Structures are given as C-alpha cells and as structure tokens.
Amino acid sequence: MNYEKNYYDYINYVKTLNRKRGDGNYYERHHIKPKSIFPELAKDKDNLVLLTAREHFLAHYLLCKIYSEGKEHFQMLCAFQRMTKNTSKVNNLLYMNSRLFEKMKTELVEQRR
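In this text, all values refer to a predicted model and were calculated from it rather than measured experimentally. (Residues numbered from 1 in each chain as written. Predicted model: local features only at pLDDT ≥ 70, side-chain atom pairs only at ≥ 80, totals over all residues. Heavy atoms only, no water.)

Caption draft 1: Quick look at a positive patch on the surface. Judged by side-chain charge, Arg21, Arg29, Lys35 and Arg82 come together as a positively charged surface patch. Tracing the backbone through its elements, the reader meets Arg29 in strand β1 (residues 28-31). (Patch = residues over 30% accessible without salt bridge, like charges linked within 9 Å, V, L, I, M, F, W, Y side chains within 5 Å. Areas by Shrake-Rupley, 256 points an atom, 1.4 Å probe, with all protein chains shown as cover. Salt bridge = Lys/Arg side-chain N within 4 Å of Asp/Glu carboxyl O. Lys, Arg positive; Asp, Glu negative; His and termini not counted. Charge placed at Lys NZ, Arg CZ, Asp CG, Glu CD. Helix = DSSP H or I, 4+ residues; strand = E, 2+ residues; numbered from the N terminus.)

Caption draft 2: Main features of a nonpolar patch on the surface. A cluster of nonpolar side chains, Tyr10, Tyr13 and Leu17, forms an exposed patch at the surface whose accessible area comes to about 280 Å². Considering the arrangement of structural elements, one finds Tyr10 in helix α1 (residues 3-16). Using a relative accessible area of 35% as the deciding quantity, one classes Tyr10 as partly exposed. (Buried < 20%, exposed > 50% of the residue type's maximum accessible area, 1.4 Å probe, protein only.)

Caption draft 3: Spatial organisation of the environment of Ala79. Locating Ala79 in the fold gives a position in helix α3 (residues 70-84). Expressed as a C-alpha distance, the spacing of Ala79 and Pro34, which sit 45 residues apart in the sequence, is 9.4 Å.

Caption draft 4: Main features of the nonpolar core. Counting residues in hydrophobic clusters, the biggest one holds 20 residues, and the most contacted among them are Tyr7, Ile11, Val49, Leu51, Leu63, Tyr67 and Met76. Those elements giving two or more residues to this core turn out to be α1, β2 (48-51), α2 (53-66) and α3. By residue number, the principal contributor to this core is α2, which donates 6 residues. In this structure, Met76 is in contact with Pro34, Ser36, Ile37, Leu63, Cys64 and Tyr67, ignoring residues within four places of it in sequence. (Core = buried A, V, L, I, M, F, W, Y, C linked by side-chain atoms within 4.5 Å. Contact = heavy atoms within 4.5 Å.)

Caption draft 5: Looking closely at the confidence of the model for the protein chain. Here the protein chain averages 83 in pLDDT, and 78% of its residues register 70 or above. Per-element confidence in the protein chain is highest for α1, whose mean pLDDT is 96, and lowest for helix α4 (residues 98-112), whose mean pLDDT is 66. The low-confidence segment residues 87-93 (pLDDT under 50) makes 7 contacts with residues lying over four places distant or belonging to another chain. (pLDDT = per-residue confidence, 0-100.)

Here's what the structure looks like:
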C-alpha cells in the first residue's frame with residue numbers, strides 16, 4: 001500500500017473543503033509535513049490543515065507508516081503516542097483501538113532500545 005500517496009491525496013481533498021474554525025465543528029490543527037522533521041515549516045500556513053479528531057488520529061497513523069525507519073519513525077511514534085493520552089479537549093476523552101495502541105506502543109519501546 002502506498003501510504004504516502006494516500007496521505008497526501010486525503011490532505012489535498014480536505015484542503016478543498018475550506019474548513020474554518022468556528023463553523024460549529026470540532027477541528028484540530030495538523031502540520032502536513034511534521035514539524036519535528038521539517039522545523040522550517042512549523043509556522044508556514046500552507047503546511048497547516050484542519051482535521052477532525054478522527055482524521056487527525058488517522059493522519060498520524062499514516063505518518064508512522066510513511067516514516068517507517070530511523071529517527072523519523074521514532075519521532076512519529078512519539079507524536080502518535082502523545083495523541084493517545086487523555087488530552088482531548090472534547091470531554092477529556094480520546095478513543096484508541098487496543099490493537100493499534102499495542103502495536104504502536106510496542107514499536108515505540110523497540111525504537112528506544
């Protein structure tokens with residue numbers, strides 16, 4: 001599966017929706033090119049998109065698949081793990097599939113060794 005193509009196709013689709021904060025929907029700001037890997041793009045507005053919480057979760061999952069080796073993979077696993085902690089602004093809840101969490105957590109621990 002071409003995770004990178006899927007990721008950018010979806011990001012480009014979401015950009016066409018012209019989402020705006022305050023339209024009655026809950027969105028999270030997402031850096032298209034991860035700021036931990038591309039710090040020079042951290043403040044670039046063209047590198048930002050508004051995603052629903054589920055879309056944001058899936059985007060970070062895909063980023064873990066895209067950056068599947070070395071330091072970048074570790075950075076993406078850390079970012080994904082931070083998302084799974086109880087930090088959501090919506091009723092302080094965030095759903096995490098147990099199999100997915102176990103897989104990502106196991107990979108993170110392996111990367112730290």
